[in-house]
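Reading the structure
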Amino acid sequence: MQILFENEIALAICVKNESPYIGEWLEYHYKLGVDKFYIYDNDSDDRSELQKILAPWIDQKIVEYVEFPGSIAQIPSYMDALEKHRFDCRYMIFIDGDEFIVPKNGERLEDILDEFFSAGNNIGGFAINWRLFGSNGHENQTEDGVLERFTMRAEEDFLRHRDIKTIVNPRRVRCFTNPHYAKYFIGCGCIDERKASVPQGQNPQGTVERIQINHYYLKSREEFFKKRQRGRADFPKNYSIEQFEAQDRNVIEDLVARDLYPQ
């Protein structure tokens, strides 16, 4: 028997000062098939602009906006979304505003999730590996979209590509203790696109032949310094300048996300 939910695919996100990017990010993932967004605003300085951008989405009940103050708020916001909405949606995604889910080969996200979550009654999560994008040589922020400006990424064997983010069946998730990986009820676990078990927040053997997460972690040098000023929502230690230099790798041109839904 097919169980009906209020929403098929929901997405929970904790944001801070994301108004320059949230419009493109929302449009992209809505076209991808996400039909509900739980947006937790963690003390944004640009709150009025953010609320203005979100207003039409809120009016259509596509976005549920929550003011969520406090430090290191990402995991608490994930737990709030999980506890309040685990029975409202079939699948729930937990990613950041600089991450874009990218199905490949013309596949629909919903079809991919239906396939993998139907692989067994014990499947609680689906792990997707990162692909980290560099600055494309951009020093300064412009008004063009993220997907248009940043099309070069790190080499396949780059160390950070072992990191994952997770889409879950929220009824099989016990809690989150880090932003990358859920803890599941006894007997349940997480798999990747190879249908191999993923027991932690990293998946060194994970492939991205069918789906990946584009991580626009750096953007331009100017935007990275703004990110440093903002601080982190998942960890007390802030971003470092050395991180930019070490991870600004522009080796492989990757246009899949840009071409999937042209702006």
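Residues numbered from 1 in each chain as written. Predicted model: local features only at pLDDT ≥ 70, side-chain atom pairs only at ≥ 80, totals over all residues. Heavy atoms only, no water.

Focus on the overall build of the chain
Along the backbone of the chain there are 8 helices and 13 strands. For the chain, the residues scored as buried account for 54% of the 263 residues in total. Excluding contacts between residues fewer than 6 apart, the proportion of contacts in the chain whose partners are at least 24 apart in sequence is 75%. As presented, the chain carries roughly 12,000 Å² of accessible surface, and 48% of it is formed by carbon and sulfur atoms. Side chains of the chain give 34 positive and 45 negative charges; the mean places of these two sets differ by 5 Å. (Helix = DSSP H or I, 4+ residues; strand = E, 2+ residues; numbered from the N terminus. Buried < 20%, exposed > 50% of the residue type's maximum accessible area, 1.4 Å probe, protein only. Contact = heavy atoms within 4.5 Å. Areas by Shrake-Rupley, 256 points an atom, 1.4 Å probe, with all protein chains shown as cover. Lys, Arg positive; Asp, Glu negative; His and termini not counted. Charge placed at Lys NZ, Arg CZ, Asp CG, Glu CD.)

Let's talk about the pattern of salt bridges
Two side chains that carry opposite charge are able to pair once their charged atoms sit near each other. Scanning the entire structure with this criterion turns up 22 salt bridges. Ionic pairing is found between Arg-258 and Asp-259, a salt bridge with its closest N-O pair at 3.0 Å. Judged by its relative accessible area of 27%, Arg-258 is partly exposed. Three or more residues are tied together by salt bridges with common partners; here these are Glu-107, Glu-115, Lys-195 and Arg-210. (Salt bridge = Lys/Arg side-chain N within 4 Å of Asp/Glu carboxyl O.)

As for the packing of aromatic side chains
Inspection of every chain in the model, using the stated rule, returns 17 aromatic pairs. Plain terms: the ring middles of Tyr-28 and Phe-100 are 5.1 Å apart, the flat faces sit at 75 degrees to each other, and that makes the pair edge-to-face. Here Tyr-28, found in helix α1 (residues 19–32), pairs with Phe-100, found in strand β5 (residues 99–103); they are 72 residues apart in sequence, far enough to count as distant. Here Tyr-28 and Phe-100 have matching classes, each one buried. Here Tyr-28 and Tyr-261 contribute two aromatic rings whose centre-to-centre distance is 5.5 Å and whose plane-to-plane angle is 80 degrees, an arrangement assigned as edge-to-face. Of the two residues, Tyr-28 is situated in helix α1 and Tyr-261 in the segment after α8 (256–260); the sequence distance between them amounts to 233 residues. Each member of the aromatic cluster is reached from another via a ring pair, and the members are Tyr-28, Phe-100, Phe-133, Tyr-216 and Tyr-261. (Phe/Tyr/Trp six-rings, centres within 6.5 Å; stacked < 30°, edge-to-face > 60°.)

Comments concerning helix α2 (residues 47–59)
Over its 13 residues, α2 runs 17 Å from end to end, which matches the ideal 18 Å to within 8%, given 1.5 Å per residue. At Ile-53, α2 shows its strongest bend, of approximately 40 degrees, with the proline Pro-56 following within four residues. Those residues of α2 that are buried lie in contact with β1 (7–15), α1, β2 (36–41) and β3 (63–67). Lys-61 sits one or two residues past α2 and shows a positive phi near 60 degrees. (Expected span 1.5 Å × (residues − 1). Bend = angle between axes of the 7 residues up to and from the residue.)

Quick look at the nonpolar core
With 45 residues, the main nonpolar core has Trp-25, Leu-26, Phe-37, Ile-93, Ile-101, Leu-109 and Ile-167 as its most contacted residues. The leading source of residues in this core is α1, at 6 residues. Once residues lying within four places of it in the same chain are set aside, the contact partners of Leu-109 are Ile-9, Leu-32, Ile-93, Ile-101, Pro-103, Ile-167 and Ile-211. Judged by nonpolar contacts, the second largest core, of 27 residues, contains Phe-68, Ala-81, Ile-164 and Tyr-184. (Core = buried A, V, L, I, M, F, W, Y, C linked by side-chain atoms within 4.5 Å.)

Overview of the packing of α1 against α2
Running from N to C, α1 and α2 point in directions that differ by 20 degrees, and their axes come no closer than 9 Å. In terms of axis orientation, α1 runs roughly parallel to α2. As α1 packs across α2, the resulting crossing turns out to be right-handed. Seen from α1, the contacting residues are Ser-19, Ile-22, Gly-23, Leu-26, Glu-27 and Tyr-30; seen from α2, they are Glu-49, Leu-50, Ile-53, Leu-54 and Trp-57. Of the residues contributing to the contact of α1 with α2, the split by class is 7 nonpolar, 2 polar and 2 charged. (Axes fitted to C-alpha atoms, helices over the stretch in contact; angles between N-to-C directions. Parallel < 35°, antiparallel > 145°, perpendicular 65-115°, else oblique. Left-handed = near helix turned anticlockwise from the far one by under 90°. Nonpolar A, V, L, I, M, F, W, Y, C, P; charged D, E, K, R; others polar.)

Observations concerning the confidence of the model for the chain
Overall, the predicted model of the chain reaches an average pLDDT of 94, with 95% of residues at or above 70. This stretch, residues 232–236, has a pLDDT under 50; its non-local contacts, to residues over four places away or in other chains, come to 14 contacts. (pLDDT = per-residue confidence, 0-100.)

Details of unusual backbone geometry
The backbone phi angle of Ile-72 is positive, close to 45 degrees, even though this residue is not glycine. Inspection of the secondary structure assignment puts Ile-72 in the loop between β3 and α3 (74–85). Residue Lys-219 is not a glycine yet carries a positive backbone phi of 60 degrees. Positionally, Lys-219 belongs in the loop between β12 (211–215) and α6 (221–230).

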